[in-house]
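Fold and contact review
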Amino acid sequence: MTKRCKVAVLGATGLVGQRFLQLLESHPWFETSTVTASEGSAGKRYRDAVNWLLETPLPEGAGERVVRRTRPEEVDADFVFSALDSSVAGPIEEEFARSGVPVVSNASAHRMDEDVPLLLADVNPEHVALLPAQQQRREFSTGFLVTNPNCSTVGLVTALKPLDDAFGVEAVSVVTMQAASGAGYPGVSSMELLGNVIPFIAKEEEKLQSEPRKILGRVAKATIEPARIVLTAQVNRVPVVDGHLESVSVKLRRKASVAELEQALSEYVSGPQRAGLPSAPERPVIVRAERDRPQPRLDRMAAGGMAVVVGLIRPCQILDFRFTLLVHNTIRGAAGAALLNAEWLVKKGLLGPRDEISPAQAGNEATLVS
Ligand code: NAP
């Protein structure tokens, strides 16, 4: 690329949208050109439309931007990041892609569509090979849809991938303790959550039980052959601001020791690390040796919030091993993952300034990805 990409953030006033603006403020390849939200926010200055809840100040210049309606004709961008509410994201994202604008989305609407990559660039980078067939099937010209997983799934599969590569993963049981910010803004009310744990999050167990099979699956022609892994999930909303903690038990296909698990996890690297992408953590997984880590308050910002922290790796009396992991749900689990996905798409020639990329180039590159 000879210049930075102009990007729009759809749903910029929400919690994930705010993370996007924060992470994009100093991004070397991308610059925010447009922010959008619902009709209720459109037309307002961003500082008046948003309840800014992040620990850093509003990015310079962002407060004075006028929030646009979430319509393709209102957006001036080479591609868009979608942080739209999942209940409205599906048709809006499709409309953007159809209008020629690539969509890199956080929302669940298209995650399980068979022609849409459910991408974590340092877990299944080869899944971008679905894009030429998607463009053909949906008759998109230059647009396409790429999604990233549910925030809890991101933590889980980032830890499962090195284990699957080294030993084969056969079965997984996971219990999550999910932060309040995972419910968006305003999310769960303080009267419901303070001093409490809520053992239900709508559709979350289903996502944790299905998304990993697609992500760890293999590209087979123009679709994904799901991984043969059995998963069971139980989820809880806990009074923590950011950072999802997950207690995981795994059954492996080959015998292994605790030391071998630790080594596989802590040494894992993938395409984005080798390519030195700006948002890639040096190691996707950090293994902690202390008997009481990871913890949300202490570990969620590991590698700027982009690393998954794993600890307490030990034998399990029912499956083979168990461990605890932590993922920052709005960084690694959402906006940061989407940024890394977009960087990988740039690296593969699939995204870039509009006048520097063609659909034919995109198709050729996608088939070359390994
Ligand atoms: P959120 O705080 O509720 O924000 C939702 C955003 O969507 C707001 O900007 C809202 O704008 C906008 N919106 C709502 N209805 C709209 C409409 N009809 N047209 C256009 N814009 C509309 O949610 P969030 O937590 O940021 O999550 C955003 C997406 O990421 C969701 O799909 C969520 O499932 C997914 N996700 C979230 C997390 C997390 O940890 N929070 C992690 C992974 C993925 P207004 O302010 O104008 O209403």
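Now for a look at the structure at hand. What you see is a predicted model; the values in this text were computed from it and never measured.

**Let's talk about the site of the ligand**
In the vicinity of the ligand there are 27 residues, among which Thr 13, Ser 38, Ser 41, Leu 84 and Ser 86 approach most closely. The separation between an oxygen atom of the ligand and a polar side-chain atom of Thr 13 is 2.6 Å. A distance of 2.7 Å is found between an oxygen atom of the ligand and a backbone nitrogen or oxygen belonging to Leu 84. Starting from 910 Å² of accessible surface for the ligand in isolation, the protein chains cover 80%. Residue assignment for the shell around the ligand shows that the elements contributing at least two residues are α1 (15–24), α3 (86–98) and α11 (331–347). Its residues placed into classes, the shell around the ligand shows 11 nonpolar, 14 polar and two charged. When residues of the shell around the ligand are sorted by domain, at least three fall in each of domain 1 (5–149 + 334–367) and domain 2 (151–329).

**A word on helix α7 (residues 204–215)**
Relative to the 16 Å expected for 12 residues at 1.5 Å per residue, α7 spans 16 Å between its end C-alpha atoms, a close match to the ideal helical length. Of the positions making up α7, those classed as buried are Glu 204, Lys 207, Leu 208, Glu 211, Pro 212, Lys 214 and Ile 215. Taken down its axis, α7 places every buried residue within 155° of arc, on the same side. If you follow the buried residues of α7, they end up packed against α5 (151–167), β7 (169–178), β9 (223–225) and β10 (230–237).

**A closer look at the layout of surface pockets**
Size it by volume and the largest pocket reaches roughly 1,300 Å³. If you go around the largest pocket, you meet 44 residues; those closest to its centre are Leu 84, Asp 85, Ser 86, Ala 183 and Gly 184. Breaking the lining of the largest pocket down by element, the ones donating at least two residues are α1, α3, α7 and α11. Within the lining of the largest pocket, the residues separate by chemical class into 18 nonpolar, 18 polar and eight charged. Of the domains in this structure, domain 1 (5–149 + 334–367) and domain 2 (151–329) are the two that each give at least three residues to the lining of the largest pocket. For the second largest pocket, the calculated volume is near 420 Å³. Along the walls of the second largest pocket sit 21 residues, with Leu 15, Ala 180, Ser 181, Val 240 and Val 241 positioned nearest its centre. Counting residues per element, the ones that place at least two in the lining of the second largest pocket are α1 and α6 (190–193). Of the residues assigned to the lining of the second largest pocket, the class counts are 12 nonpolar, six polar and three charged. Counting contributing residues, the lining of the second largest pocket receives three or more from each of domain 1 (5–149 + 334–367) and domain 2 (151–329).

What counts, and at which threshold
Residues numbered from 1 in each chain as written. Predicted model: local features only at pLDDT ≥ 70, side-chain atom pairs only at ≥ 80, totals over all residues. Heavy atoms only, no water. Near = heavy atom within 4 Å. Polar contact = N/O pair within 3.5 Å; in protein donor to acceptor, adjacent residues only side chain to side chain. Areas by Shrake-Rupley, 256 points an atom, 1.4 Å probe, with all protein chains shown as cover. Helix = DSSP H or I, 4+ residues; strand = E, 2+ residues; numbered from the N terminus. Nonpolar A, V, L, I, M, F, W, Y, C, P; charged D, E, K, R; others polar. Domains from an automatic or database assignment. Expected span 1.5 Å × (residues − 1). Buried < 20%, exposed > 50% of the residue type's maximum accessible area, 1.4 Å probe, protein only. Arc of directions from axis to C-beta. Contact = heavy atoms within 4.5 Å. 1 Å grid on protein atoms, 1.4 Å probe; cavity = no way out; pocket = protein on both sides within 12 Å on 5 of 7 lines; lining within 4 Å. Points joined across faces, edges and corners; volume = space filled by probe spheres on them.

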